[in-house]
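# Observations on the model geometry
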Amino acid sequence: MVFDPAVMESLRDVAGGKPVLVTGCAGFIGYFTSKNLLENGIHVVGLDNLSDYYDVDLKKHRLEQLFDPNFIFHCVDISDQQAVARIFKDVAPRLVIHLAAQPGVRYSLINPQAYGKSNLVGSLNLLEACRQIGARHFVFASSSSVYGANTQLPYSVHDRVDQPVSMYAATKKSCELMAHAYSHLYEIPTTGLRFFTVYGPWGRPDMAYFSFTRSILAGATIKVFNHGDMRRDFTFIDDIIEGVLRVCARPPVVDDNIAPYRLYNIGNNRPEKLTHLIELLERQLGKQAKKEYLPMQPGDVKETYADISDLEKEFGYRPSTSLEDGLRKFVDWYREYYGER
């Protein structure tokens, strides 16, 4: 991707001649963030614990794509406070992009402890490390899941979000609160990004579009929850990365005694029916899906829809990839990566 040179120059100024530290660099969004920084000549120190929540080989293959003299990788769990503190002391990053997390709504019903360890303890360790070294900007991943039982659409960052319906959502909201506290107490410029259903090449195998593709090609049955009556604000990875880097380049400032903390939705601003997603995949794969219609799952929500007006007004952000084009790029990658024809 080619970025506005002025944005990249501002990002370099924020980094202050130090490598940018990216957590979760072997994950989906972390990989693309690191890749685009490197392609723009910016040094990156990446952290990832290579969790086996999904295919570790896919994560390792992402890392192979990041091979570059300007990239240093540490296989570290961010819940290890001493390891995190040691890396921060050695690198002294001025810009920290925190994308590591234990993902997945449904898995949080099975193993909630994993979410406390990674999303709560890990995030706290990073915030404390940022305080210790005087970071200039801490950018972290939140999620549309924090909107929980909200019924007002589109979701706005100005809405109350105190009704999470999964442990995943609860930990993500907790991260926002901890980040605000550190920003307020220590004037650490901090920006949270609530991601909305990110998809694309090199994506997560546990996501519906990915698992549907695998099952359709294998002739297996796909599970369609809430009998297909679901809508998601699917957001293509390239559009996400553009927003992430624009935000990284402009840390918030103290304004009228308000903490230098900002929060934004980052989505496509266009919810699509789950049935439409399946139809597009069927068309591009050239195969009909075998469907099993099931009730709504615990912890899930019927619809997500991002109000991105703040991000658009302050950063000129506007996603440009249609679901059809984005899925076509994903299917092309999937066929090549897995040798499916």
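See the structure printed just above.
Here is a short report on the structure shown in this document.

### Looking at unusual backbone geometry
Here the residue pair Leu153 and Pro154 is connected by a cis peptide bond, since its omega of -5° sits within 30 degrees of zero. In this structure, Pro154 sits in the loop between strand E5 (137-143) and helix H7 (167-186). Unlike most non-glycine residues, Asn226 shows phi in positive territory, near 55°. Relative to the assigned elements, Asn226 resides in the loop between strand E8 (221-225) and strand E9 (231-232). The buried category is assigned to Asn226, whose relative accessible area is 16%. A positive phi angle is found at His227, which is not glycine, with a value near 55°. Owing to a relative accessible area of 52%, His227 belongs among the exposed residues under this scheme.

### Thoughts on the pairing of E5
Within E5, seven of the seven residues are buried, which leaves it mostly tucked inside the rest of the structure. On E5, burial covers both faces: His137, Val139, Ala141 and Ser143 on one face and Phe138, Phe140 and Ser142 on the other are all buried. Alignment of strand E4 (residues 95-98) against E5, held across four bridges, turns out to be parallel. Across the sheet, Ile97 pairs through a bridge with Val139, a residue of E5. Alignment of E5 against strand E6 (residues 190-195), held across six bridges, turns out to be parallel. The partner of Val139 across the bridge, within E6, is Thr191. Note on the crossover from E5 through H7 to E6: the handedness is right-handed.

### Considerations on the nonpolar core
Grouped together as the largest cluster of nonpolar side chains are 79 residues, with contacts concentrated most on Leu11 and Phe195. With seven residues, the top contributor of residues to this core is helix H9 (residues 237-248). In contact with Leu11, not counting residues within four places along its chain, are Val20, Leu37, Ile42, Leu95, Leu245, Cys248 and Ala249. Counting 27 residues, the second-largest nonpolar core is a separate cluster that includes Val45, Leu127, Tyr182 and Leu263.

### Thoughts on the sheet that holds E6
Spatial ordering of the open sheet is given by E3-E2-E1-E4-E5-E6-E11, a layout of seven strands whose pairing is parallel. Across the chains shown, the open sheet's two edge strands, defined by having one partner strand only, are strand E3 (71-75) and strand E11 (261-266). Between one strand and the next, the sheet's axes are offset by a mean angle of 15°, whatever the strand orientation. Note that strand E1 (residues 20-23) and strand E2 (residues 44-48) share four bridges and pair parallel. Residue pairing across strands places Thr23 opposite Leu47, the latter belonging to E2.

Rules and cut-offs
Residues numbered from 1 in each chain as written. Predicted model: local features only at pLDDT ≥ 70, side-chain atom pairs only at ≥ 80, totals over all residues. Heavy atoms only, no water. Helix = DSSP H or I, 4+ residues; strand = E, 2+ residues; numbered from the N terminus. Buried < 20%, exposed > 50% of the residue type's maximum accessible area, 1.4 Å probe, protein only. Pairing = 2+ DSSP bridges. Right-handed = clockwise from strand over helix to strand, strands pointing away. Core = buried A, V, L, I, M, F, W, Y, C linked by side-chain atoms within 4.5 Å. Contact = heavy atoms within 4.5 Å. Axes fitted to C-alpha atoms, helices over the stretch in contact; angles between N-to-C directions.

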